[in-house]
Structure formats: C-alpha cells, structure tokens
Amino acid sequence: MATTIPGSLVNKTKKFFMGMPAPTGYVPGVGRGATGFTTRSDIGPARDPTELPEAGPVGPSPQGAAPPPTKRARDDDGDGEDLNEANYDEFSGYSGSLFSKDPYDQEDEDADRIYNEVDDRLDERHRDRRDKKYKEIVEKLHKERPKIQQGFSDLKRQLAEVTEDEWQAIPEVGDMRNKAKRNARAEKFTPVPDSIIAMNMNYGQMNTSIDANSGLTTPFSSGFMSTLGGGAKSGIMTPGWKTGVQTGTSTDLDLVKIGQARNKIMDMQLTQVSDSVTGQTVVDPKGYLTDLQSIIPQMGGDLQDIKKARMLLKSVRETNPRHPPAWVASAVLEEQAGKLQTARNLIMEGCEKIKNSEELWLHAIRLHPSDVGKSIVANAVRSCPQSVRLWCKASDLEQDIKDKKKVLRKALEQIPSSVKLWKAAVELEDPEEARILLTRAVECCSSSTEMWLALARLETYENARKVLNKAREHIPTDRHIWLSAARLEETRGQKDMVDKIVSKALNSLRTNQVEINRDQWLKDAIDAENAKCPITCQAIIRNVISLGVEDEDKRTTWLGDAENFEKENAFVCVRAVYAVALKEYPRKKSIWDAAINFEREHGSLDEHEAILLKACEVVPEVENYWLMLAKLRFVNKRVAEARTTLKDAFEKHGHQSEKIWLAATKIEIESDEFDTARGLFAKARAKAPSARVWMKNATFEWCLGNLEEAKRLCEECIKVYDDFYKIYLVLGQVLEQMGDVAGARQAYTQGIRKCHGIIPLWILLVRLEESAGQIVKARVDLEKARLRNPKNEDLWLESVRFEMRVGCPEMAKERMSRALQECEGSGKLWAEAIWMEGPHGRRAKSIDALKKCEHNPHVLIAAARLFWSERKIKKARDWFLKAVNLDPDNGDAFANFLAFEQIHGKEEDRKAVIKKCVSSEPRYGDLWQAIAKNPANWRRSTEEILQLTTNKIKVPT
C-alpha cells in the first residue's frame, strides 16, 4: 500500500489547507479586523459583521448539509426586499415596503401628504406638554448630577471675604517637574575661529579701485586670452559693470572719476535736449527720471487693444468720413495713448472734412494750446456762426475783458436770441451798461424770466413796475414774476398791495391752466423770508396753505407745516401758519399750546407775552394761560402786572380756581408779603377749599417755623380730607421736628391705614424708627411694606440702603440679590448694585445693568460715574449728557453732571449745564428732593438748589 506524504512535509512553506474549499461563512481578513471589501462590480460600503449570516463550523461541510445559497441574479425582481420574519414589527410591519414594486402615483402622494399633516397636527397638540416634561427632566437631572463648577460656587463667593494678608499667606504651588526639566542645562559657548573673524572684517566695505590680480577679473578658461600689440595681455573678463580690458599701461580703475564723467555726460545731454522756445525747458534736469513716467500711455487697456481700436476707428473713418463721432473717438484714443500730435492731426483732418460739426471744433480747441486755439476758434465760428458753445469758448480764450466783450457782441449779432450769451455779456458790464443790454435782451428773448427779473432789479421803482407788467404779458404762466412784483411793492412800503398781488397771481395762473403746486409755493415763502420780505411770506402762506387740504385734515396738516418750517428756521412762516390756524380754529387748545411753546422757545419776550394775552382774550376759561402770563411777568420783575393778571383771572373764573389762588399766594410769598399770603390762604380755604390748598397752607406755616399752626392745619385737613396722603407726610415731619416721635409714628401709621400703597409713608416710618434707634422695628416695617407692596423698587432700594446704614453689608447684598430677582428691570436697583461691587466687578455689573435696562437714566448716571472713576473723561461727559437729555426732570443727573464739569470741564461747560437745568426745572431725584423739600431751602431758586445738591456729590473712586 502506497503511503501519501502530505505536501506540508515535503514543502515546509506550503500550508496544509491550501487548495481546500473555504468553510461556510468565511470572510477573508476578518481575523485581523477587516469587515469586507469592494470590487468594481460591487461598489458600496464594506459590510458590517453583524449583517453576515451565522458562521458554521470551520472545516469541510458534512454530508447531507445544505449547499451554500446561490447569488441572486441582478435582474431579479425581488432584489432589495427582505420579507423575513426577523424584519417584521407588530406595529410598523416589515422594515421594507410591501408595495415597492407598484408605481407611485398622485393618489399615493396625496395620501402620504394627508398622513403627514395628521401626524404634525397630533404632534402640535402635545408639544407644550412634552416640552414642559422635557424641561422638568433636565432640571431634575441638573439637580441630581450638578456640575463641578456649581458645587464650588459657594466657596467662590467666600473668596470675596479673603483679605490681602490672607491672600499673600497662601503658599506657592511647588514645581512638580522632574529634576532634569527643573534644572536646565547651562548654555555652552564655543569660541569663533580667527579665520572667520578675518574673513568678515572687510564685509560690507567698498573699494574705489579694482585689482587686476583679484578674483573679480577671472578670465574665461577657454583660451580666449589673446596678446595685443606691445605684448600686453587682454581678455574677456566677468560680464557686468566690472568688465574691463587689461592693458599694460594701468591695472587700476578709479570709480570716482568714472562717476564724475558719467554725470558730466548726462548734463551735456540734458542741455542739448532742453528747449527754451516758450521760456521754460521741456525737460526738468532734477526730475528727469521721474518725468519719464509721462511717456507711459495713460490708457488702462492693453497695447493690442489700442491697436485693434485704432484699426476699427480707421475703418469707420474710411467707410463714413462724414461721421463726426468717429473722428472724435480716434483723437481721444490717440490722446489717451500718449500720441498728442497724432490726435491733433486727426481732429484737424476731421474739421476740414466736416466743417459744420460743433463737437469736432470744440475738441480741436481743447487739444491745442491757447494761442493756436484762437485761430482754430476763429475758423470754427466762421464755419458754425450759430453755435453758442463755440462763441462762449472764443470768449473764454480771451484774457482781456475788452476782447471778451467784443467777442460776445459779435456773437449776439449772430445769435440775438441766445439767453446764455446775453447773460455772459451782462455779467461783464457795469450796472448802467448792463441795464441797457438787458433792455435789448428782453426784446430779443422775451420768454426769458431771468432777463425780465434782472432788468427789473436794475430799474427804478416806476420802471420796474412797467417791466414786470410787460413780463407778465409775455410770460403769463410764470409765478416768479408775480412774486417779484409782490416783493417790489413790499420794499416800497405798499404792504396792502402784496396780498392783492399774490391773490391775483393765483387766479391768473389758474386761468392760464397752470397747476398750483402747494409745496413749491411754501418753498417760495421760505425764499421770501430769506430775502427779508416777511409780508410777502405771510401773504403766500395765507393764500396757499389751504390748497388741496380737506377740512378734517387741516389742523393736523397745518401743525405739520409749522414743524417743518421750524426745522428750516423759517420763524416768520411758522407764525403765519399759526395765525391762519388760530383764525380757523380759535377754540382749539392744541393749536394755542403749540403757538405758545414756539414763542417761548424762539420768540422774544414781547412776542411771548403777546401770544399769551391773545390766548387769555380768546379762551379765558383756560386758567393755565393766565398762570403762564402771570409767571412771565413776575419772572421779569413786573410784580404789579402779575397781580393784575391774576386779579383778571379771578374775575373770569369766579374765585373758584385752586391754581389761581395758589399762584397768588406764591407771588406774595416771593415778595416777602407773608401776612398777605396768609390772608390769601384763608380766603382760598373758604372760597375754593381743597386738600391741596390746606397742604400748601400747612407747608407755608411749617417753613416759617410756626409748627403748632402747621400741626393744627394738618389735623383740620385730615378731618375733611382723610384720604389725602400728602397731609400725613407733612404732619409726620412737623411732629418729628417738634420731637414728638410717638405722634409722628401715629401720623404715618394712620396714613398707611387710610391710603394704601403709598410708599413714601412707609419709607418715612422706617426712617423714623431708625432715627429713634428701633432697628429691629424698622426692619420689620420694611418686611411688612414689601409684603403688602410686592415688586416695588423703592422699598427694595430703601431696604438695601437701610442695611448699609446700620452696618450690615452682607445683609444688604442679600437684599440686593433678592431685589434684582423680583424687580429685574429696575434701573434704581441696578445703579445701586453697580456701586455695591468692588472696583474690579463694577464694569461687569454695569454691562448686565445696561442689558436689562439700557435706556434708564439711573443706569446711565451710574455708568457715567464709572467712566468718571476710570478717568475716561470724554465717555463720562457723553453718558452724563445722555442721562440729562433722556430725563430732564431728574435733578440728580444735573447735579452729577455739574460736579463732573467742575473738576474736568471748562467754565462754558459748567454754564451750559446750569442753563439747561434752570430751563428744565427738575423736580425728582432722591438727593434733589431731599434738599429742595427741606424747609430751610423753601425759597431757594433752581440754580441754588443745584449748587447745594452738587456739593453733596462725592467724587467716585
């Protein structure tokens, strides 16, 4: 029996499984991490091992086993579908589509769209609940698994309490690097050899001669060395500026002499090129090299493009030599290409062929010098005697005025109907000669309005009227002639004629089918005001302002016209508009208010008083106008007239006006007539009783120091008007000044019971308890006030400041944190929070404040003071200006602004702040009210209160 020796025993390199069939489920390379491969016939991603069928046992398949599955044909209809039970889901069915072989028609598309809409609708119904549930899960997750940063937040806050000494006592972190990295190896220095030093000694130096034996004159090694006569050697040396010929006479070249010789040759060439025909040299010797840039063509195109354009234009000229634009374009092309003489030749050739072309002659004059241009323009006007532009060009070329006049006279002989030539000729003449020329001009150009108006301006009054009448006959459709006639009559004092002329002008223009443009006539009114003709301006507005405006829109439109005129600084027009509006609507309070405000801002004292007098006559029932008139007269030291005004107001209103009574008492108080004022208060309480009258009377007695009388008046007022909170404020402060703390506490408490939600009563009660030493009681009252009046910024601010006053800064910070959470949009709280931070945290806090309430005056003031502390003067001034412009009623803004200007501003800057404050008359501000409402300052002016408030401002640090 023959024994078979395995191949592996015969050949050690051959494996035993070579030639055997692959086992079931075998994938090449899977043992070393490969998941599949692709070929040109099977393009696509590699297969994942999970997609493979389960692998059978390794080795040959047993007998009777099923053969491996055969590969499905490419054109099999079932390719792409896997309807195996493993891919079946009870809810969604098979992962593949059972109907993928069927066509997808319009019905299928509509069904899918409807199903998608239903799904979207169902999704929207539960979206809010799902989002809410998602947020709750996220919050719960954050609480269960907080970030490391949140875990150390309380420890970070405690770092604010670390003092500088404690901070310095913290040990330094040790260097954890290994010894080799900590102890760096010392640098090693190697001495430079002497050969390198000797080689670099002459580096960068220049010699004035060349050594023939040096390496710079190395000859070619190709046998080119030859012997000249006399046994001297010569040869071709290294090319360049150092190339030379070796001779036996000298071996050194002096470069200095060569440079001098070169400069001398350059001077000779420049002298030969220079031209002194016109008195100046053509070439500038100093700027010769830079002037060479003028030779470069100025055209941005390529040289080939210029050649193509030249050929095309040449073809156009040859095809149609009578076409002027072709000659003009050719000349311009050559001019841009830098060939000026060629351009001149082309343009002159065109002028010879087309002598009646105005454009060709004008370009020819432009391309030639002025002396040559005169001869060209002479030929031009002979060929085109009717060209106005050529005659004007001929006049411009003349230098002498007489020659200009001669040219224009000849031009007018040829073209007597040219307005442009007449205007040019008139501008060169004196007034008398101009009048004569204009007399002739209006005969030749009877349709020119400018000529008629210019002649009328030069004539006398009588002749001017005749000229304008003739102008209206020749040009009946121009409104400027009528307006000039109206101005003429106004300058002569004929004011009654102005309105008639404007009215007649409108009728005449309508008769001649001219459209009346309201906006144009209103602009003419502004022009008339600028020309110092106010009567003409008023006449235009009276006759035009109602054109094209509906009756129901008149008031709004006229007020808008007045605002537009005010922006144009046309104050006469504004007064004319208000006059028409008040005549049309004499009982409209809005129009009277607008007119009075305008006169107060832009008018004089007499004009302001006149409009107020007229308002009191027309609408006497409006008591504010009487009060404004009385105040105006009182401010200007006319006390008797102010009293008369109020007396007339009493007669009109029957002694029933509370405001008029209080104004009368104020005048007497300011005049130091205290007994008279006391009598007026008594009459006011009897004839026009009101809580405000009682309160003002009690305040008057309080300021005079009559505390018992003030207390009596307050108690009597409370019996009648127990719901007027200000009387409780006055009573409490009077009792507090008298030393009756219990009575003051009772007054504040009674006011709080009667008047709910009045914050000043709570604040005064807290401050009373604080001044009495009842700190706990004051804190309890603040808590009670905040509970009864939630989200009130004033109460939170008072709580913060209270804790700071009693020496509890930590409690104040806690209060501020709660306040910002409850009133996150409060500018007062953010402004206080900025300055509660340290110097390094104020900027970040100010940024947060500006994000929350950008346009709050308190935040703007705090930001301005922050810039002030950082010595950013310009920014601080800009932010203070923003604050006072945003809220002019805030006196604290003006006080901070003035304190800033007193240190960093000039005298005019301080005066500007004071002037703006006095005109604004601020009434609010914590510091401002504390000083203004102090009985010791009851008769001080706004400027004095501003100075007192400014003195309380501390420089920020």
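Every value quoted in this text rests on a predicted model; they were computed, and no experiment measured them. (Residues numbered from 1 in each chain as written. Predicted model: local features only at pLDDT ≥ 70, side-chain atom pairs only at ≥ 80, totals over all residues. Heavy atoms only, no water.)

Comments concerning the overall build of the chain
Phase 1: Broken down by element type, the chain carries 49 helices and four strands.
Phase 2: Across the 957 residues of the chain, 32% fall into the buried class.
Phase 3: Accessible surface, the chain as shown: approximately 63,300 Å² in total, 52% of it carbon and sulfur. (Helix = DSSP H or I, 4+ residues; strand = E, 2+ residues; numbered from the N terminus. Buried < 20%, exposed > 50% of the residue type's maximum accessible area, 1.4 Å probe, protein only. Areas by Shrake-Rupley, 256 points an atom, 1.4 Å probe, with all protein chains shown as cover.)

Points about the packing of aromatic side chains
Phase 1: Going through the model one piece at a time under the given rule, you end up with 14 aromatic pairs.
Phase 2: With a centroid separation of 5.7 Å and 65° between ring planes, the pair formed by Phe571 and Phe598 is classed as edge-to-face. Here Phe598 lies in helix H28 (residues 589–602) and Phe571 lies in helix H27 (residues 571–584), a separation of 27 residues in the sequence.
Phase 3: Given a relative accessible area of 2%, Phe598 falls into the buried group.
Phase 4: Aromatic side chains Phe880 and Phe900 sit 5.5 Å apart centroid to centroid with 40° between the ring planes, which places their arrangement in the tilted category. (Phe/Tyr/Trp six-rings, centres within 6.5 Å; stacked < 30°, edge-to-face > 60°.)

A closer look at helix H36 (residues 725–738)
Phase 1: Compared with the 20 Å implied by 1.5 Å per residue over 14 residues, the 20 Å span of H36 between its first and last C-alpha is a close match.
Phase 2: Where H36 is buried, its residues contact helix H34 (691–704), helix H35 (707–720), helix H37 (741–754) and helix H38 (759–771).
Phase 3: At the C-terminal side of H36, Gly739 shows a positive phi close to 90°. (Expected span 1.5 Å × (residues − 1). Contact = heavy atoms within 4.5 Å.)

Overview of unusual backbone geometry
Phase 1: A positive phi angle, near 60°, is found at Asn569, a position not held by glycine.
Phase 2: Note on placement: Asn569 falls in the loop between helix H26 (554–567) and H27.
Phase 3: Positioned with a positive phi, Lys637 is a non-glycine residue whose angle comes to about 65°.
Phase 4: Checked against the element boundaries, Lys637 lands in the loop between helix H30 (623–635) and helix H31 (639–653).

Here we look at helix H18 (residues 419–427)
Phase 1: Among all positions in H18, only Leu421, Trp422, Ala425 and Val426 are buried. With its buried residues spanning 130° around the axis, H18 presents them on a single face. Exposed and facing more than 90 degrees away from the buried side of H18 are Lys420 and Glu427.
Phase 2: For H18, the secondary structure elements touched by its buried residues are helix H16 (388–397), helix H17 (401–414), helix H19 (431–444) and helix H20 (449–458). (Arc of directions from axis to C-beta.)

Focus: a positive patch on the surface
Phase 1: Together, Lys666, Lys696, Lys726 and Lys933 make up a positively charged patch on the protein surface.
Phase 2: For Lys933, the location among the structural elements is in the loop between helix H48 (926–932) and helix H49 (942–952). (Patch = residues over 30% accessible without salt bridge, like charges linked within 9 Å, V, L, I, M, F, W, Y side chains within 5 Å. Salt bridge = Lys/Arg side-chain N within 4 Å of Asp/Glu carboxyl O. Lys, Arg positive; Asp, Glu negative; His and termini not counted. Charge placed at Lys NZ, Arg CZ, Asp CG, Glu CD.)

Examining the pattern of salt bridges
Phase 1: Enumeration according to the criterion identifies 60 salt bridges in this entry.
Phase 2: Put simply, Arg435 and Glu432 hold a salt bridge, and the shortest N to O gap is 2.5 Å. One end of the pair, Arg435, and the other, Glu432, are both in helix H19, three residues apart, so they sit about a helical turn from each other.
Phase 3: Among the ionic pairs, Glu607 bridges to Arg575, the shortest N-O distance being 2.9 Å. Note that Glu607 is positioned in helix H29 (residues 605–618) and Arg575 in helix H27, a separation of 32 residues in sequence.
Phase 4: Among the charged side chains, a network of salt bridges with common partners joins Arg779, Glu783, Arg786, Glu803, Glu814, Arg815 and Arg818.

Here's the deal with the side chain of Asn896
Phase 1: Locating Asn896 in the fold gives a position in helix H46 (residues 891–904).
Phase 2: Classification of Asn896 as buried rests on a relative accessible area of 6%.

Some points on the nonpolar core
Phase 1: Membership of the largest hydrophobic core comes to 125 residues, with the highest contact counts inside it found for Trp521, Ile541 and Phe565.
Phase 2: Considering every element that reaches this core, the biggest residue donor is H27, with nine residues.
Phase 3: Counting 34 residues, the second largest nonpolar core, distinct from the first, contains Ile718, Phe724, Val734 and Trp762. (Core = buried A, V, L, I, M, F, W, Y, C linked by side-chain atoms within 4.5 Å.)

Digging into the packing of helix H14 (residues 358–367) against helix H15 (residues 370–383)
How two helices sit against one another is set out by the angle between their axes and by the gap between those axes.
Phase 1: Here H14 crosses H15 at 170°, and the two axes come no closer than 9 Å. Looking at the two axes, H14 sits roughly antiparallel to H15. Touching Trp361, Ala364 and Ile365 of H14 are Gly373, Ile376, Val377, Asn379, Ala380 and Ser383, all from H15. (Axes fitted to C-alpha atoms, helices over the stretch in contact; angles between N-to-C directions. Parallel < 35°, antiparallel > 145°, perpendicular 65-115°, else oblique.)

Considering the environment of Tyr721
Phase 1: Summarising the element assignment, Tyr721 is placed in the loop between H35 and H36.
Phase 2: As a C-alpha pair, Tyr721 and Ser690 span 31 residues in sequence and 8.3 Å in three-dimensional space.
Phase 3: When residues no more than four places from it in sequence are discounted, the contact partners of Tyr721 are Pro689, Ser690, Ala691, Trp694 and Ile727.

Concerning the side chain of Glu769
Phase 1: On the secondary structure map, Glu769 appears in helix H38.
Phase 2: Not counting the four nearest positions on each side in its chain, Glu769 is found in contact with Arg745, Gln774, Lys777, Ala778 and Asp781.

Some words on the environment of Phe565
Phase 1: Considering the arrangement of structural elements, one finds Phe565 in helix H26.
Phase 2: Exposure remark for Phe565: the relative accessible area of 4% places this residue in the buried category.
Phase 3: If near-sequence neighbours (up to four positions away) are discounted, Phe565 is found in contact with Leu522, Ile526, Ile541, Ala570, Cys573, Val574 and Val577.

Description of the confidence of the model for the chain
Phase 1: Averaged over every residue, the pLDDT of the chain is 80; residues scoring 70 or more account for 79%.
Phase 2: Scored below 50 in pLDDT, residues 1–5 makes one contact in the model with residues more than four places away or belonging to other chains.
Phase 3: Counted against residues more than four places away or in other chains, residues 208–251, with its pLDDT under 50, gives 45 contacts. (pLDDT = per-residue confidence, 0-100.)

What about the environment of Ala615?
Phase 1: Relative to the assigned elements, Ala615 resides in helix H29.
Phase 2: Note on Ala615: relative accessible area 0%, which makes it buried.
Phase 3: In this structure, the C-alpha to C-alpha distance between Ala615 and Asp593, residues 22 residues apart in sequence, is 9.3 Å.
Phase 4: Ignoring sequence-local partners within four residues, the contact set of Ala615 consists of Trp592, Ile596, Pro620 and Tyr625.

Re the state of the cysteines
Phase 1: One pass over the full model with this rule turns up zero disulfides.
Phase 2: In this structure Cys573 is a free cysteine whose sulfur lies 3.1 Å from that of Cys537, the closest cysteine sulfur available.
Phase 3: Looking at Cys573, the relative accessible area reads 0%, which means it is buried. (Disulfide = S-S within 2.5 Å.)

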